[in-house]
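As a plain string of letters, each chain reads:
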Amino acid sequence: MAGLATAGALTAISAEKAAAQAASDSVLRTALDRGKLIVGTGSTNAPWHFENDAGELVGMDITMGRILAKGLFDDPTKVEFVMQDPAQRIPNVTTNKVDITIQFMTMTAQRSQLIHFSRPYYVEGVALLTLPGSENKTFDKLLANGANTRISILQNVDAESSVHFALPQAQVLQIDTQANVLQALESKRADAAAVDLSTVRWLASRNPDKYFDAGKSWYSMLYGAAVRQGDLDWLTFVNQTFTIAMFGHETALYDAAFKEYFGQEPPPRHPGFPVI
């Protein structure tokens, strides 16, 4: 009961007192004094950040922003989302236009020289989207079909090697836009489309009569939020809040979003050894 008693006592600490303990130039103090969080993100990429049928901004990135607002103010609505181009994800953080960028941002060593990343909140990958009625809808069938398997993928310098990592003999159809990558699958010019794992799960869960998850993913890429360098108080708060929301006693927002946007239940967390 000691842990519960301590947790109860901590709720008596006000946001103002918490802010006073942070460095004077920390975003933690600034956000608490302001009374809202400012998050840089996008609005056109489901399932990460997009507008629903009611015109509301939703998505996994949006949920992570609301998780931070709840941690700051015990109110997930106290957040302002600033729409930004992906090219502004780092500049808007370094110039203090936003408190944090949460915009399906892949963590890299090069970017980490410019900003600090939070702990990862999703592991992205390459996956295969197929048609539910196709004879070769599973990865095993695609692999067994060898050189007769045709894979559509967005045109880029790594397209061939990316596909051949999982399907060494497959024909690779490099296509100019993501929409056309999917169209090649739908028109059966391709047996599968190689796209982001999150896209596969989003489309297959929302449209099971139209799309199928072939059951293979590879090339892990970590998504993290970006914050200004040199602000340890803010970075620590973000990391701890994300950790609590993903593995601790306040997982409701994260779990609901994970199921909504990826069609899956998060893995169970078991009390005991801290595997996070």
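Definitions and limits used
Residues numbered from 1 in each chain as written. Predicted model: local features only at pLDDT ≥ 70, side-chain atom pairs only at ≥ 80, totals over all residues. Heavy atoms only, no water. Pairing = 2+ DSSP bridges. Helix = DSSP H or I, 4+ residues; strand = E, 2+ residues; numbered from the N terminus. Buried < 20%, exposed > 50% of the residue type's maximum accessible area, 1.4 Å probe, protein only. Lys, Arg positive; Asp, Glu negative; His and termini not counted. Salt bridge = Lys/Arg side-chain N within 4 Å of Asp/Glu carboxyl O. Polar contact = N/O pair within 3.5 Å; in protein donor to acceptor, adjacent residues only side chain to side chain. Contact = heavy atoms within 4.5 Å. Axes fitted to C-alpha atoms, helices over the stretch in contact; angles between N-to-C directions. Parallel < 35°, antiparallel > 145°, perpendicular 65-115°, else oblique. Nonpolar A, V, L, I, M, F, W, Y, C, P; charged D, E, K, R; others polar. UniProt positions renumbered as here; feature names shortened; annotations may be inferred.

Named according to an unreviewed UniProt entry, the chain is Transporter substrate-binding domain-containing protein originating from Mesorhizobium argentiipisi.

Asker: Help me get a handle on the sheet that holds strand β2 (residues 44-45), residues and values and all.
Answerer: Strand order in the open sheet made by the three strands is β2-β3-β4, with antiparallel pairing throughout. Both outer strands of the open sheet, β2 and β4 (57-58), are each paired with one neighbouring strand and no more. With two bridges connecting them, strand β3 (residues 49-51) and β4 associate as antiparallel partners. Across the sheet, the residue bridging to Glu51 is Leu57, located in β4.

Asker: So what's going on with the side chain of Glu124? Which residues, and what values?
Answerer: Locating Glu124 in the fold gives a position in strand β8 (residues 122-130). Look at Glu124: it is buried, it has no salt bridge, and the nearest opposite charge is Arg201 at 7.5 Å. Here Ser198 takes part through its side chain, which lies 2.6 Å from a polar atom of the side chain of Glu124. Reaching out from Glu124, the side chain makes a polar contact with the side chain of Tyr223 at a distance of 3.2 Å. Those residues in contact with Glu124 that lie beyond four places of it in its chain are Trp48, Asp196, Leu197, Ser198, Tyr219, Ser220, Met221 and Tyr223.

Asker: Describe helix α9 (residues 197-206), listing the residues and the values that go with them.
Answerer: Burial within α9 is extensive, with seven of its 10 residues counted as buried. Within the span of α9, buried status applies to Leu197, Ser198, Thr199, Val200, Trp202, Leu203 and Ala204. Buried residues along α9 sit in contact with β3, β8, α8 (178-186), β11 (192-196), β12 (212-223) and α11 (252-262).

Asker: Requested: an account of the environment of Gly263, with residues and values cited.
Answerer: Examined against the element boundaries, Gly263 turns out to sit in the segment after α11. Put simply, Gly263 and Gly224 are 39 residues apart on the chain and 21 Å apart in space, counted from C-alpha to C-alpha. The contact partners of Gly263, leaving out residues within four places of it in the chain, are Ser205 and Phe258.

Asker: Summarise the packing of α9 against α11; cite the residues concerned and give the values.
Answerer: Where α9 contacts α11, the two axes come as close as 7 Å, and the packing angle between them is 75°. Looking at the two axes, α9 sits roughly perpendicular to α11. Residues Ser198, Arg201, Trp202, Ser205 and Arg206 of α9 lie in contact with α11, whose contacting residues are Glu260, Tyr261 and Phe262. Broken down by class, the residue content of the contact of α9 with α11 amounts to three nonpolar, two polar and three charged.

Asker: Explain the UniProt feature "domain: Solute-binding protein family 3/N-terminal" (unreviewed entry) in the chain residue by residue, including any values.
Answerer: With numbering matched to this structure, UniProt assigns "domain: Solute-binding protein family 3/N-terminal" (unreviewed entry) to residues 36-265. This span, residues 36-265, is 34% helix and 26% strand, and a straight line between its end C-alpha atoms measures 30 Å.

Asker: Hey, could you go over the pairing of strand β10 (residues 171-175) for me, with residue numbers and the actual values?
Answerer: With five bridges joining them, strand β9 (residues 150-154) and β10 adopt parallel strand pairing. Bridge pairing links Ser152 to Leu173 in β10.

Asker: Before we move on, can you summarise the pattern of salt bridges with the specific residues and values?
Answerer: Summed over all chains, the structure comprises 10 salt bridges. For Glu186, the salt bridge identified is with Lys210, shortest N-O distance 3.8 Å. Pair noted here: Glu186 is in helix α8 and Lys210 is in the loop between α9 and β12, with a separation of 24 residues, a long-range link. A network of salt bridges, in which partner residues are shared, links Lys70, Asp74 and Glu250.

Asker: Please give an account of the sheet that holds β8 that cites residues and values.
Answerer: Taking strand neighbours across the sheet as the criterion, the five strands line up as β10-β9-β11-β8-β12 in an open arrangement whose pairing is mixed. Strands with a single pairing partner mark the edges of an open sheet, and in this sheet they are β10 and β12. Each neighbouring strand pair of the sheet contributes to a mean axis angle of 25°, computed without reference to strand direction. Across four bridges, β8 lies against β11 in antiparallel orientation. Bridge pairing in β11 links Val126 to Asp196. Across the sheet, helix α7 (residues 159-166) is in contact with β8, β9, β10, β11 and β12; its angle to β12 comes to roughly 120°.

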